[in-house]
Amino acid sequence: MTETLALSSGTESLVALQQEGPTQTEIFEWIFTEPILASSLYVNIALAGLSLLFFVFMTKDLKDPRAKLIAVSALLVPTVSVASYTGLASGLTIGVLEMPAGHAAEGSTVMMGGESYDGVVTMWGRYLTWALSTPAILLALGLLAGADGTSIFTAITFDIAMCVTGLAAALTTSSHLLRWFWYFISCACFVVVLYILLTQWPKTAEAAGTADIFNTLKLLTVVMWLGYPIIWALGVEGIAVLPVGVTSWGYSFLDIVAKYIFVFLLLRYVVSNESVVSGSIMPSATGTPADD
Ligand code: RET
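The rules behind the values
- Residues numbered from 1 in each chain as written.
- Predicted model: local features only at pLDDT ≥ 70, side-chain atom pairs only at ≥ 80, totals over all residues.
- Heavy atoms only, no water.
- Disulfide = S-S within 2.5 Å.
- Buried < 20%, exposed > 50% of the residue type's maximum accessible area, 1.4 Å probe, protein only.
- Helix = DSSP H or I, 4+ residues; strand = E, 2+ residues; numbered from the N terminus.
- Contact = heavy atoms within 4.5 Å.
- Arc of directions from axis to C-beta.
- Phe/Tyr/Trp six-rings, centres within 6.5 Å; stacked < 30°, edge-to-face > 60°.
- Lys NZ or Arg CZ within 6 Å of the ring centre and 35° of its normal.
- Axes fitted to C-alpha atoms, helices over the stretch in contact; angles between N-to-C directions.
- Parallel < 35°, antiparallel > 145°, perpendicular 65-115°, else oblique.
- Left-handed = near helix turned anticlockwise from the far one by under 90°.
- Nonpolar A, V, L, I, M, F, W, Y, C, P; charged D, E, K, R; others polar.
- Near = heavy atom within 4 Å.
- Polar contact = N/O pair within 3.5 Å; in protein donor to acceptor, adjacent residues only side chain to side chain.
- Patch = residues over 30% accessible without salt bridge, like charges linked within 9 Å, V, L, I, M, F, W, Y side chains within 5 Å.
- Areas by Shrake-Rupley, 256 points an atom, 1.4 Å probe, with all protein chains shown as cover.
- Salt bridge = Lys/Arg side-chain N within 4 Å of Asp/Glu carboxyl O.

Draft legend 1. Layout of the state of the cysteines. Here the structure, examined in full by the defined rule, presents 0 disulfides. The closest cysteine sulfur to the non-disulfide-bonded Cys163 is located on Cys189, 9.5 Å from its own sulfur. Since its relative accessible area comes to 3%, Cys163 is described here as buried. Residue Cys189 stays outside any disulfide, its sulfur separated by 9.2 Å from that of Cys187, the closest cysteine.

If you want it as structure tokens, here you go:
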């Protein structure tokens, strides 16, 4: 389906903008014809919504400012998730992109609304919304660990860079090599985040008296987060050995553990150990809890 929009200015020339590809409505309806894909989205909207309500209920009596900041940060995670999955389910943040020469999915077509479109289905909205949800996870973890402001800032900024360059990798259609170059940059940013999580924050968590819960959450985070670049590489964006529905469930499964189970464990600890995490909302300069 091709729509041609002509724009003219005065007696001057005519610029034609071509918009090719399926409409949002076609994508929205197509999702229902793919049960695996549809369930990976709708199950997560429901789970994110229910867990959000449950987490609000869990944390409603918190009083300490730092405990409350950790809770708000954690509550942001399912909130962003509801928005993220709604964006995907509505077709707003899904596109059909033609892969460059040399890509495993080069020349693929997809049928939507009775039309055949060149390209593969890209769920790019995920990478965009991770740039909001993952910093919230890291802020909560950093505050829990009593980390200093510099290391929290570093972890969050490199994490955002990881998500945005991951988005660039998924959206680049000009060159197969450059897609993987973006992927490599994203992995390099991920290494910075992993380094902080594995070597810096365990030390401050020890001093803050939160080492046990921090180490559990660190392990869960590191193991689950490693799954995302693996799925990217195996899915339609990468070497395309996994079909779209399976790729989507892969991310959805990781999301369930890395977000809802993670937030539940974190909040359960904060609620019953408010005095341990208590303190100022500003991270300290030295990496010890702010009220020491
Ligand atoms: C991408 C592809 C490029 C290389 C790397 C990636 C890492 C993604 C990660 C995502 C974590 C997401 C979470 C979302 C929760 O809402 C972008 C897949 C390294 C680690 C935890």
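Alright, that's what it looks like, and here's the rest.
Draft legend 2. Molecular detail of the environment of Leu266. Inspection of the secondary structure puts Leu266 in helix H8 (residues 244–272). Leu266 gets classed as buried once you look at its relative accessible area, which sits at 0%. When the C-alpha positions of Leu266 and Ser81 are compared, they lie 17 Å apart, and in sequence the two are 185 residues distant. The residues contacting Leu266, other than those within four sequence positions of it, are Ile70, Ala74, Ala140, Leu144 and Leu217.

Draft legend 3. Region of interest: helix H1 (residues 24–32). Buried residues of H1: Glu26, Ile27, Trp30 and Ile31, and no others. Summarising the axial view, the buried residues of H1 lie within an arc of 140°, below the 170-degree limit, and thus occupy one face. In this structure, the buried residues of H1 make contact with helix H2 (35–59), helix H3 (65–89), strand E4 (109–112), strand E5 (115–118) and strand E6 (120–122).

Draft legend 4. Highlighting the packing of aromatic side chains. According to the stated counting rule, one finds 13 aromatic pairs in the structure shown. Between Tyr127 and Trp130, the aromatic rings sit 5.2 Å apart at their centres with planes inclined by 80°, giving edge-to-face as the arrangement. Of this pair, Tyr127 and Trp130 both sit in helix H4 (residues 125–144), 3 residues apart, which is roughly one turn of that helix. Using a relative accessible area of 2% as the deciding quantity, one classes Tyr127 as buried. Classification of Trp130 as buried rests on a relative accessible area of 12%. Three or more aromatic residues joined by ring pairs form one cluster here, namely Tyr127, Trp130, Tyr228 and Tyr251. Its guanidinium or amino end placed over the ring of Phe57, Lys60 lies 4.7 Å from that ring's centre, counting from NZ or CZ.

Draft legend 5. Highlighting the environment of Phe32. Tracing the sequence through the fold places Phe32 in helix H1. With 57 residues separating them along the chain, Phe32 and Ala89 place their C-alpha atoms 9.4 Å apart.

Draft legend 6. Fine view of the packing of H4 against H8. Two elements in contact, H4 and H8, have axes separated by 12 Å at closest approach and are oriented at 25°. As judged from the angle between their axes, H4 and H8 are roughly parallel. You can see that H4 and H8 cross each other, and the crossing is left-handed. Residues Arg126, Tyr127, Trp130, Ile137, Ala140, Leu141 and Leu144 of H4 touch H8, and the partners they reach there are Ser248, Tyr251, Ser252, Asp255, Ala258, Phe262, Leu266 and Tyr269. Residue classes in the contact of H4 with H8 are distributed as 11 nonpolar, 2 polar and 2 charged.

Draft legend 7. Structural detail: the site of the ligand. If you check the shell around the ligand, you find 15 residues, and the closest are Ser133, Thr134, Ser186, Trp225 and Lys259. Contact between the ligand and Ser133: an oxygen atom at 2.7 Å from a side-chain N or O atom of the residue. Lys259 places a side-chain nitrogen or oxygen 2.9 Å from an oxygen atom of the ligand. At the level of secondary structure, the elements contributing two or more residues to the shell around the ligand comprise H4, helix H5 (149–171), helix H6 (176–208), helix H7 (211–234) and H8. Looking at side-chain class alone, the shell around the ligand contains 9 nonpolar, 4 polar and 2 charged residues.

Draft legend 8. Spatial organisation of a nonpolar patch on the surface. Nonpolar side chains collect at one region of the surface, where Leu178, Phe181, Trp182 and Phe184 lie side by side and expose about 410 Å² of accessible area between them. With a relative accessible area of 53%, Phe184 lands in the exposed category.

It is worth stressing that arrangement in space is one thing and function is another; only the former is reported here.
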